[in-house]
Structures are given as C-alpha cells and as structure tokens.
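If you want the building blocks of each chain, they are given just below.
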Amino acid sequence: MIVRQFLQWVRTAPAGERAEATSALARAYLWSDLSDEERTAIEGVMVMLADDVSPLVRAALAEVLAPSPEAPATVVHILADDRPDIAAVVLARSPLFIDAELVDRVATGGPMIEAAIARRVPLPRAVAAALAEVASAEACLEMIENPTAEIAPLSFARLAERFGDLAAMREALLARRDLPIECRQTLIARLSATLARFVADRAWMSGEHARMVTREACEKATVALAVRAGDAEAEPLVRHLRRSGQLTAGLILRALLSGHATLFEEALAELSGLPLRRVRLLIYDKTGVGFRVVFARAGLPVSTFPAFRFALEAWREGPDLDGAGRLHRRMVERVLTACGQADIGEVEPLLALLRRFAAEAAREEALTACEKLEQEVVAELMRARLAA
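Residues numbered from 1 in each chain as written. Predicted model: local features only at pLDDT ≥ 70, side-chain atom pairs only at ≥ 80, totals over all residues. Heavy atoms only, no water.

Undergrad: Honestly, the nonpolar core in this entry has me stumped. Any pointers?
TA: Within the largest apolar cluster, 63 residues are counted, with the highest numbers of intra-cluster contacts made by Met-143 and Leu-159. Considering every element that reaches this core, the biggest residue donor is helix H6 (residues 84-93), with seven residues. Apart from the residues lying within four places of it in its own chain, the contact partners of Met-143 are Ala-118, Leu-123, Ala-128, Leu-131, Ala-132, Ala-149, Ile-151, Leu-159 and Arg-176. Listed in part, the 53 residues of the second largest apolar core include Leu-274, Phe-291, Ala-307 and Ala-314. (Core = buried A, V, L, I, M, F, W, Y, C linked by side-chain atoms within 4.5 Å. Buried < 20%, exposed > 50% of the residue type's maximum accessible area, 1.4 Å probe, protein only. Helix = DSSP H or I, 4+ residues; strand = E, 2+ residues; numbered from the N terminus. Contact = heavy atoms within 4.5 Å.)

Structure below.
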C-alpha cells in the first residue's frame with residue numbers, strides 16, 4: 001500500500017521533494033526490517049527512480065546506495081551509466097563492481113569517471129594498472145595520492161614515463177613509500193632534463209653547458225638516492241641506470257669518491273658480466289692486477305683508469321667518510337694530484353672532471369661548516385637568554 005501511494009505521489013511531486021523522498025525510500029530499503037515482498041516492491045520503485053527525469057532524484061539515490069554492499073546491483077549499474085557526475089558517485093564508492101567492470105569504465109568513462117575510480121578504497125592492482133596506462137594526469141594524481149592504491153612496479157614506471165615532466169606528479173610519486181628506486185631515479189633524470197631545457201631556452205647558459213651541469217647534478221642526486229635506499233637497492237638501480245644509458249664512468253667514479261663502495265662494485269659487476277662476489281675479490285686485490293682485469297671487462301674508457309686506480313687506493317686506506325653520499329674532498333684532491341703528476345697521456349678531460357668534483361666537494365664542505373657554526377651560535381644565544 002505504501003509503495004502504491006508513493007508511486008501515485010511521485011508522478012506529480014516537485015523534483016526537490018521527490019529527491020528527499022527517494023533518499024528516505026533508499027534508506028528504508030537498506031536499514032529497515034522489511035519482508036521479502038516489501039523489499040522486492042521497493043527495489044522495483046528504485047529501478048524506476050534511477051530513470052527519473054530529474055538528476056536531483058537520481059543523485060539522491062546514488063548517494064544513499066553507493067557505499068552499501070546491500071544495494072540492489074541492478075539499480076547501482078543503471079546509475080553507473082548515468083551522466084558523469086552521478087555515475088562517479090557509485091563508481092567511486094560501491095563495492096558491487098568487479099575489477100573487470102572498473103577497468104572497462106576507465107577505458108571508456110572520461111576524466112571524471114577515471115578520477116572517481118582512482119579514489120576507490122581499496123584500489124586493486126589491475127584497476128590501478130589501467131589508470132596508469134590510459135587515465136588523465138588528474139586521475140592518475142588522485143590514484144597516487146590514494147594510500148590504498150596497489151600500484152605495481154610496472155605501473156609506477158608507466159606513470160613516471162607519462163607524467164615525469166609534471167611537478168605535481170613528481171612530488172606525489174616521490175612521496176609514495178612503495179615507489180621503486182628505478183622510478184625515483186627516472187624522475188630525477190626527467191627533472192634534470194627539464195631544468196636543462198629551461199635554462200638553455202632562456203639563454204642563461206649554452207645548451208651544452210646546461211646539459212653538463214644538470215647531468216652532474218643528476219648523478220649527484222643518484223648517488224645520494226642510492227645511499228638513502230641502502231645496499232639492497234644498489235643492484236636494481238644499477239640495472240636501471242645501464243638500461244637508460246646513465247651508467248657512465250663519471251657516475252661510477254663519483255660513487256667511489258663518495259664512499260659508496262656497493263654502488264661502485266655493482267656497476268662493475270653489471271658492466272663486466274662477472275658475479276658480484278668475483279668482482280669484489282678482483283678489485284680489492286692489492287697487486288692491482290685484478291682491478292685492471294675487471295676494468296677492461298667493464299669496457300670503461302681507458303683514459304679514466306688512472307682516476308679509478310688512485311681512488312681505489314685511497315679507498316683501501318679507509319678514509320673517514322660521513323656516509324652521506326657526498327664527494328669526499330680529501331679523496332678527490334688526492335686523486336686529482338696523482339692524475340696531474342702521472343704520465344698517462346691525454347689527461348685534460350679527466351682533470352677537468354676531477355676539478356669540478358673538487359670544487360663541488362669544497363663548496364659542500366664549506367656549507368656544512370657554516371651550517372654547523374650557525375647552529376652553535378644559535379645554541380649560545382639560547383643559553384644566554386635562559387641564563388638571563
């Protein structure tokens with residue numbers, strides 16, 4: 001009887017009142033103690049309301065039914081085919097959709113639907129993969145900021161490839177704890193390339209100079225990244241660097257001069273094709289013969305061999321490294337002096353690189369000293385104020 005009266009009333013009621021009544025009817029369906037006959041009758045009415053001419057009515061129905069696993073699937077799927085703002089409500093929250101349905105919606109739904117699905121809690125891996133592959137930047141940003149999104153390493157790589165030039169996307173990706181180290185390095189490299197183009201386009205530097213500066217900054221950031229990630233991440237990082245053409249002699253020498261022996265060893269193992277254990281035995285052979293063999297197998301430029309040899313000798317003596325991934329000034333200066341005095345043929349490019357390393361190390365050492373002095377001054381002022 002109540003359902004019949006509702007049907008008679010709803011035909012002539014204003015849209016706003018119909019929306020309020022629809023919301024109440026949907027709540028009654030979900031939370032009231034109804035007989036099977038009553039539940040079936042109300043479900044039929046909701047199917048009709050899902051096609052109501054007023055979007056207010058359909059939106060009210062979607063808001064109530066969206067989060068409930070007890071909602072009638074037929075009604076929810078009708079609403080999912082509604083206009084984007086209404087469909088987004090159920091697609092963002094309803095537990096009644098399976099992964100395959102959500103993947104299809106990502107492919108066909110448009111930006112608003114993509115963003116709604118990206119906000120789902122939880123967001124399964126298959127759906128995240130579909131979003132990473134085809135969704136808009138806004139939807140992918142929603143997904144990355146969704147802490148429940150299960151994003152596979154390949155999907156992270158695809159996101160970095162598609163949107164690595166966007167600052168907001170880089171920031172969001174780097175904030176994810178589960179972002180693979182290879183993707184972190186990719187984002188560093190993309191940022192370096194973007195900065196090089198920016199500087200060159202404004203004629204602040206020549207294109208070649210800008211690329212050199214940003215490349216070395218990228219290598220510096222890569223070594224620091226390896227330090228923070230730990231030795232366990234060195235192997236996948238090195239593989240990524242080689243695949244992307246970034247595993248250069250300059251980066252490997254920087255790693256050694258920064259005290260990151262694991263990155264140095266993994267790089268030689270990757271380039272030489274020798275097992276890591278074998279590489280370690282050879283490069284730390286005190287006669288130097290083993291290192292010469294590994295170096296030759298790795299295919300590094302012959303002109304850089306003296307720098308690696310002198311750096312390795314300095315490393316063997318166990319310098320007091322701080323573990324921060326910064327160039328060690330005394331090591332760099334020792335290698336620079338040794339290379340300058342050695343009779344090793346064409347040495348100008350190598351000396352130029354080492355001089356840049358030395359300048360960088362001196363600058364960072366000075367900045368660290370100034371920061372420490374500033375902290376001491378602040379501490380003294382605080383003690384003086386407390387004493388007064």
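Undergrad: Whenever I open this one, unusual backbone geometry confuses me. Can you help?
TA: Val-121 connects to Pro-122 through a cis peptide bond whose omega is -5°. With respect to the element layout, Pro-122 can be found in the loop between helix H8 (111-118) and helix H9 (125-134).

Undergrad: Can you help me understand the packing of helix H18 (residues 276-283) against helix H19 (residues 289-298) in this one?
TA: In a packed pair of helices, the relevant descriptors are the angle between the two axes and the axis-to-axis distance. It is the contact of H18 with H19, at a shortest axis distance of 6 Å, that shows an interaxial angle of 130°. As far as their axial angle goes, H19 and H18 are oblique. Along its contact with H18, which presents Val-279, Leu-282 and Ile-283, the element H19 presents Gly-290, Phe-291 and Val-294. (Axes fitted to C-alpha atoms, helices over the stretch in contact; angles between N-to-C directions. Parallel < 35°, antiparallel > 145°, perpendicular 65-115°, else oblique.)

Undergrad: Quick question: what am I supposed to make of the pattern of salt bridges here?
TA: Pairing between side chains becomes possible if they bear opposite charge and their charged atoms approach one another. The final tally for this structure, using the stated rule, is 21 salt bridges. Arg-211 serves as the salt-bridge partner of Glu-208, at 3.3 Å between the closest nitrogen and oxygen. Of the two residues, Glu-208 and Arg-211 both sit in helix H14 (residues 207-229), three residues apart, roughly one turn of that helix. One salt bridge in this structure joins Arg-329 and Glu-365, with 3.1 Å as the shortest N-O distance. With Arg-329 in helix H21 (residues 329-341) and Glu-365 in helix H22 (residues 348-387), this residue pair connects regions lying 36 residues apart in the sequence. Given a relative accessible area of 30%, Arg-329 falls into the partly exposed group. What you see here is one network of salt bridges that share partners, running through Glu-133, Arg-158 and Glu-161. (Salt bridge = Lys/Arg side-chain N within 4 Å of Asp/Glu carboxyl O.)

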